Amino acid sequence: MSDELAAASAKPGDWLVTAEQALVMLPALKPMTLRVWTFRGRLTSAEQTPQGRALYWLSDIDALMRGDVPTKTPQTPRPGVVYYARMRDGLIKIGYTADLYTRIRALRIRQDAVLATEPGGRDLEILRHAQFGAIRHGKTEDFDAVDELLGHVAAVRDEYGPPVITPRRAISA
């Protein structure tokens, strides 16, 4: 461990490390696991090296490996939407996603099949499933397209506008 790294440490016994250093120091850590934690927002970089490489708190990586919540990485949920999509069988799917573009591609539906979206997380999705539980198909996320649900979808679309479906890495002009 370099002297600069030791100097950057906020408390004795904790280090700011690059992903490569973490993999060497924690042999049980898999490279893909580190990427997944970063992608899902469970691990965020504390600083960057002069070369632009992310630095992570070693104690946060260790905590995630033990199944604990990191103490230094803020746990902010990824923003997401609850979506309403008309499926090929005519049913309405109510689901949650943080990446609508990727989700509709995974469902193999056309973009115009997404009827409406509203900002929210899994809690709102669960609330909507309960709200329309009487028309739900088993334990799926599929619901009959009855007037009550279609009226709700129209109200959501009126309030939040038409769904915006863009790739995550879309370059804004």
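It should be noted that the structure appears before, not after, this text.
Read on for a plain summary of the structure.

What counts and what doesn't
- Residues numbered from 1 in each chain as written.
- Predicted model: local features only at pLDDT ≥ 70, side-chain atom pairs only at ≥ 80, totals over all residues.
- Heavy atoms only, no water.
- Salt bridge = Lys/Arg side-chain N within 4 Å of Asp/Glu carboxyl O.
- Buried < 20%, exposed > 50% of the residue type's maximum accessible area, 1.4 Å probe, protein only.
- Helix = DSSP H or I, 4+ residues; strand = E, 2+ residues; numbered from the N terminus.
- Pairing = 2+ DSSP bridges.
- Contact = heavy atoms within 4.5 Å.
- Axes fitted to C-alpha atoms, helices over the stretch in contact; angles between N-to-C directions.
- Core = buried A, V, L, I, M, F, W, Y, C linked by side-chain atoms within 4.5 Å.

1. Considerations on the pattern of salt bridges
Step number 1: Summed over all chains, the structure comprises six salt bridges.
Step number 2: Notably, a salt bridge pairs Asp 112 with Arg 110, separated by 2.5 Å at the nearest N-O pair. As far as burial versus exposure is concerned, Asp 112 and Arg 110 are alike and both exposed.
Step number 3: Residue Arg 128 is joined to Glu 118 by a salt bridge in which the shortest nitrogen-to-oxygen separation is 2.9 Å. Here Arg 128, found in helix α6 (residues 122–131), pairs with Glu 118, found in strand β6 (residues 114–119); they are ten residues apart in sequence, far enough to count as distant. Considered together, Arg 128 and Glu 118 belong to a single accessibility category, that of buried residues.

2. Examining the sheet that holds strand β4 (residues 81–86)
Step number 1: Pairing is antiparallel in the open sheet, where four strands are placed in the order β6-β4-β5-β7. One side of each edge strand has no neighbouring strand; the edge strands of this open sheet are β6 and β7 (142–143).
Step number 2: Relative to β7, strand β5 (residues 92–97) runs antiparallel, the two being bridged by two bridges. Along β7, the bridge assignment pairs Lys 93 with Asp 142.
Step number 3: Those strands touched by helix α5 (residues 100–107) are β4, β5 and β6, and its axis lies near 135° from that of β5.

3. Re the nonpolar core
Step number 1: Counting residues in each nonpolar core, the largest one holds 13 residues, and the members touching the most others are Tyr 84, Ile 94, Phe 132, Phe 143, Leu 149 and Val 153.
Step number 2: Secondary structure elements with two or more residues in this core: β4, β5, β6 and α7 (147–160).
Step number 3: Here this core takes three residues from α7, the largest share from any one element.
Step number 4: Filtering out sequence-adjacent residues up to four positions away, Leu 149 remains in contact with Tyr 84, Ile 92, Ile 94, Phe 132, Ile 135, Phe 143 and Asp 144.
Step number 5: Listed in part, the eleven residues of the second largest apolar core include Leu 26, Leu 34, Trp 37 and Leu 58.

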